[in-house]
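Observations on the model geometry
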Amino acid sequence: MLRLGVNIDHVATLRQARGGREPDPVWAAVLAELGGADVITIHLREDRRHIQDRDVRVLKETCRVRLNLEIALDPGVLAIATEIRPGQATFVPERRQERTTEGGLDAVADLARLADAVGRCKDAGIEVALFLDADLAQVDAAVRLGVHAVEFHTGRYADAATPQEMEAELEALRRAARATVDAGLELHAGHGLNYQNVAPIAGIESMRELNIGHAIVSRAVSIGMTQAVREMKQAMELALR
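In this text, all values refer to a predicted model and were calculated from it rather than measured experimentally. (Residues numbered from 1 in each chain as written. Predicted model: local features only at pLDDT ≥ 70, side-chain atom pairs only at ≥ 80, totals over all residues. Heavy atoms only, no water.)

**Examining the sheet that holds strand E4 (residues 88-91)**
A barrel is described by the order of its strands in space; here 8 strands give the closed sequence E1-E2-E3-E4-E5-E6-E7-E8, paired in parallel fashion. Between one strand axis and the next, the sheet turns through 25° on average, direction left out of account. (Pairing = 2+ DSSP bridges. Helix = DSSP H or I, 4+ residues; strand = E, 2+ residues; numbered from the N terminus. Axes fitted to C-alpha atoms, helices over the stretch in contact; angles between N-to-C directions.)

Written out as structure tokens, the structure is:
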């Protein structure tokens, strides 16, 4: 089964632009579930630029599907994760200057810090994923850390300027995917995926989960969240026929 994780961060971005109460990402999660979302994904950033602590707590109580909480190696955010206990914690890199996540974690360089954080999550009964670039050394570090899954950063594939560059990035993702699956880890991917480019990623052998947010939220502005999620599920399923 290929799962769709719907990232609702940018619903919260719109809310925070006015500092009010709406649109509520919790309601967006309900609509995404009605559209067929298998996972709800949120990123609790250290600077709280979109998702707030309240959102995490309410979503944990109201989501009927798996809640995937993206977090950086920040002690305060990690403490919230181990308290709330989402179904999955995905460790991602984070810089205040960035508009969005710009690449994967350097799990090789941060192995010791990650080992402590991963251990704390596992002790709390949380499955752990790492958001990584398609690099075999990073996959090896994930294996050493004993995580449940690797989510590959697909931004370079999504931003490729030519078909040749896109195919090269896709092949790098396929190689890293094979190494991940051979090591017994679950295979996820996300970042920059949209209705036009999702099928080749969805078609990678043994892909189990795609996390997609901006394209779905952008589409939902025009046609509504429920239908936007349904259309993304259909675009993914084309790769499996």
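**Considering the side chain of arginine 3**
Within the fold, arginine 3 resides in strand E1 (residues 3-7). Judged by relative accessible area, which is 19%, arginine 3 ranks as buried. With sequence-adjacent residues up to four places away left out, arginine 3 is seen in contact with Asp38, Val39, Glu186, His188, Arg208, Glu209, Leu210 and Met236. (Buried < 20%, exposed > 50% of the residue type's maximum accessible area, 1.4 Å probe, protein only. Contact = heavy atoms within 4.5 Å.)

**Remarks on the side chain of histidine 153**
Of note, histidine 153 is situated in strand E6 (residues 149-153). The exposure class assigned to histidine 153 is buried, which follows from its relative accessible area of 6%. Here the side chain of histidine 153 touches aspartate 133 through a polar contact of 3.4 Å, side chain to side chain. (Polar contact = N/O pair within 3.5 Å; in protein donor to acceptor, adjacent residues only side chain to side chain.)

**Quick look at helix H10 (residues 214-223)**
Along H10, the positions that sit buried rather than exposed are Ala215, Ile216, Val217 and Ala220. On its buried face, H10 is in contact with E1, helix H1 (9-18), strand E8 (207-212) and helix H11 (225-237).

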